[in-house]
Amino acid sequence: MKVISIQNNLGIPKYKQIILSIEKSIEGGKLVKGDKLPSVNKVCLAFTLSRDTVLQAYEELKKRGIIYAIPAKGYYVKSVEIAIKQKIFLLFDELNIFKEDLYNSFLDTIGKDVQVDIFFHHFNIKVFQKLINDSYGNYTKYVIMPTSLVEAASIIKTLPVNEVYILDQTNLELETYPAVYQNHKKDIYEALSKGKYKIIKYNKLILIFPGYREPEGMKEGFENFCKDNAFAYEIILEFSKREIEVGEVYIIPNDRDLVVVIEKSKVQNLKLGKDFGIISYNETPLKKVVENGITIISTDFKAMGKIMAEMILEGKKKLIENKSSLIMRNSL
């Protein structure tokens, strides 16, 4: 067989020898884009191999995007880019400035011989399911942000269990998967505790929590802090037409709500950091300068991307809690 060579007692698994042979044939010009590979049965008979061995080799090449299958017809060369050793499916909830930091950090660390295809589900379970279903069998690794989508865990479990990694948020249904995640319940509690010496100067804490995109742990940690420290508090779905009262501190996960609250304070002629306070979520360059600086609770998104890429490259399976911190500025 011209394009596949198998040797006994070589110390290399037979399926890997098939992969190496096909790569060498592509590199040497014996196989070009569109060429049909020897059938699974033909390879089995030629080298006295099991179907599972040949299928394992072809499936790995398929996941790397080098070959593709046409049902009832066979396998064909899809790409001659054999330098791509891994092909990663990366599913984000949305793209914003801090997720962009995560993505760029992931790309910088994962290296140039890995192809990364990024997709977005925009918190839509139907889009989430379609993207997962369409990606099945086409990637060597799946890195997924499940957020708080209902049914996300059951959809993720349709993928090959050893190829899935969870990013940013996890839950009990996904605890068997390796992950780099935020512990929102712990993070907000510890951040507010760290800032308590300033928060204590105010009368009431208000969390703006629509609950659509925000993790439930954030609300739980907020309530626990307020109860444990005897702070008056309120959780609201939206700011809307609310009037800001002097002595209130607003904890604001969403930047759109942050803009609305600041605009309202200007209409009411209230001074941020004196008449009322704000604690925002997730660091961006603008928050360093807006209103002389916005206090934030933020995880290190660059570290999150780097750690995830390293875990994949090293073949490790861990649950890693990403560090979060309170950055104190003039809004509190």
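That block above? That's the structure.
All values reported here derive from a predicted model rather than from experimental measurement.

So, how was this worked out
Residues numbered from 1 in each chain as written. Predicted model: local features only at pLDDT ≥ 70, side-chain atom pairs only at ≥ 80, totals over all residues. Heavy atoms only, no water. Helix = DSSP H or I, 4+ residues; strand = E, 2+ residues; numbered from the N terminus. Rg over C-alpha atoms; globule rule 2.2 N^0.38 Å. Areas by Shrake-Rupley, 256 points an atom, 1.4 Å probe, with all protein chains shown as cover. Lys, Arg positive; Asp, Glu negative; His and termini not counted. Charge placed at Lys NZ, Arg CZ, Asp CG, Glu CD. Axes fitted to C-alpha atoms, helices over the stretch in contact; angles between N-to-C directions. Parallel < 35°, antiparallel > 145°, perpendicular 65-115°, else oblique. Left-handed = near helix turned anticlockwise from the far one by under 90°. Contact = heavy atoms within 4.5 Å. Nonpolar A, V, L, I, M, F, W, Y, C, P; charged D, E, K, R; others polar. Phe/Tyr/Trp six-rings, centres within 6.5 Å; stacked < 30°, edge-to-face > 60°. Buried < 20%, exposed > 50% of the residue type's maximum accessible area, 1.4 Å probe, protein only. Patch = residues over 30% accessible without salt bridge, like charges linked within 9 Å, V, L, I, M, F, W, Y side chains within 5 Å. Salt bridge = Lys/Arg side-chain N within 4 Å of Asp/Glu carboxyl O. Pairing = 2+ DSSP bridges. Expected span 1.5 Å × (residues − 1). Arc of directions from axis to C-beta.

J.: How do you make sense of the overall build of the protein when you look at a structure like this?
T.: Within the protein one finds 11 helices and 14 strands. Relative to the 2.2 N^0.38 estimate, which gives 20 Å for 332 residues, the radius of gyration of the protein is 26 Å and therefore markedly larger than a compact globule would have. Dimensions along the principal axes, computed over C-alpha positions, put the protein at roughly 80 × 35 × 35 Å. Surface accessibility of the protein: about 16800 Å² in total, with carbon and sulfur atoms responsible for 51%. In the protein, which carries 48 positive and 42 negative side-chain charges, the distance between the mean positions of the two groups comes to 6 Å.

J.: Looking at this model, I keep getting lost on the packing of helix α2 (residues 40-47) against helix α3 (residues 51-63). Mind explaining?
T.: Each packed pair of helices is defined by two parameters, the angle between the axes and the distance between the axes. Relative to each other, α2 and α3 sit at 125°, their axes nearing to 9 Å. When the axis of α2 is compared with that of α3, the two are oblique. As for how α2 packs across α3, the hand of that crossing is right-handed. In contact with Val40, Asn41, Val43 and Cys44 of α2, α3 contributes Arg51, Val54, Leu55 and Tyr58. Counted by class, the contact of α2 with α3 contains 6 nonpolar, 1 polar and 1 charged residues.

J.: Would you take a moment to explain the packing of aromatic side chains for this structure?
T.: In this description, an aromatic ring pair is defined by two values, namely the gap between the centres and the angle between the planes. For the structure shown, the criterion picks out 14 aromatic pairs. Ring geometry for tyrosine 68 versus tyrosine 76: centroids 5.7 Å apart, planes at 25°, classification stacked. Judged by its relative accessible area of 30%, tyrosine 68 is partly exposed. Residue tyrosine 76 is classed as buried on the basis of its relative accessible area of 15%. Seen in terms of ring centroids, phenylalanine 92 and phenylalanine 120 are 6.3 Å apart; in terms of plane orientation they differ by 90°. Their pairing is edge-to-face. Linking phenylalanine 92 in strand β3 (residues 86-92) with phenylalanine 120 in strand β4 (residues 114-120), this pair joins segments that are 28 residues apart in sequence.

J.: Explanation requested: a nonpolar patch on the surface in the structure shown.
T.: Judged by side-chain polarity, Leu10, Ile12 and Leu20 come together as a nonpolar surface patch covering roughly 240 Å² of accessible area. Here leucine 20 is to be found in helix α1 (residues 14-27). Since its relative accessible area comes to 46%, leucine 20 is described here as partly exposed.

J.: Which parts of the structure should I look at to understand the sheet that holds strand β10 (residues 248-252)?
T.: Working definition: the strands of a sheet are paired by backbone hydrogen bonds and lie parallel or antiparallel to each other. Judged by pairing direction, the sheet is mixed, and its 6 strands sit side by side in the order β9-β8-β10-β11-β12-β14 without closing on themselves. One side of each edge strand has no neighbouring strand; the edge strands of this open sheet are β9 (232-236) and β14 (324-327). Averaged over neighbouring strand pairs, the angle between their axes works out to 15° when direction is ignored. With 4 bridges connecting them, strand β8 (residues 204-208) and β10 associate as parallel partners.

J.: Looking at this model, I keep getting lost on the sheet that holds strand β13 (residues 319-321). Mind explaining?
T.: The sheet built from 6 strands is open, its strands ordered β4-β3-β5-β6-β7-β13 with parallel pairing. A strand with exactly one partner marks an edge of an open sheet, and here the two such strands are β4 and β13. Pairs of neighbouring strands in the sheet enclose a mean axial angle of 15°, with direction left out of account. Relative to β4, β3 is paired through 7 bridges, and the arrangement is parallel. Within β4, the residue paired with lysine 87 across the bridge is glutamine 115.

J.: Help me understand unusual backbone geometry, please; the structure alone is not making it clear to me.
T.: What is expected of a backbone is that most residues other than glycine have negative phi and most peptide bonds are trans. Phi at phenylalanine 123 takes a positive value of approximately 65°, unusual for a residue other than glycine. Exposure remark for phenylalanine 123: the relative accessible area of 8% places this residue in the buried category. Phi is positive for alanine 230, which is not a glycine, with a value near 55°. Tracing the backbone shows alanine 230 in the loop between α9 (216-228) and β9.

J.: Looking at this structure, how should I read helix α11 (residues 301-314)?
T.: An α-helical turn contains 3.6 residues, so a residue and the one three or four places further along point in the same direction. For α11, with 14 residues, the first-to-last C-alpha span of 20 Å sits near the 20 Å given by 1.5 Å per residue. The complete set of buried residues in α11 reads Phe301, Met304, Gly305, Met308, Ala309, Met311 and Ile312. The arc enclosing the buried residues of α11, seen along the axis, measures out at 160°, which places them on a common side.

J.: Could you clarify how one ought to interpret the pairing of strand β1 (residues 67-70) in this entry?
T.: Sheet topology places β1 next to strand β2 (residues 74-77); 4 bridges connect them, and they run antiparallel. What sits directly across from tyrosine 68, in β2, is tyrosine 76. Between β1 and β2, which pair antiparallel and follow one another directly, the connecting turn spans 3 residues, one of which, alanine 72, has a positive phi of 70°.

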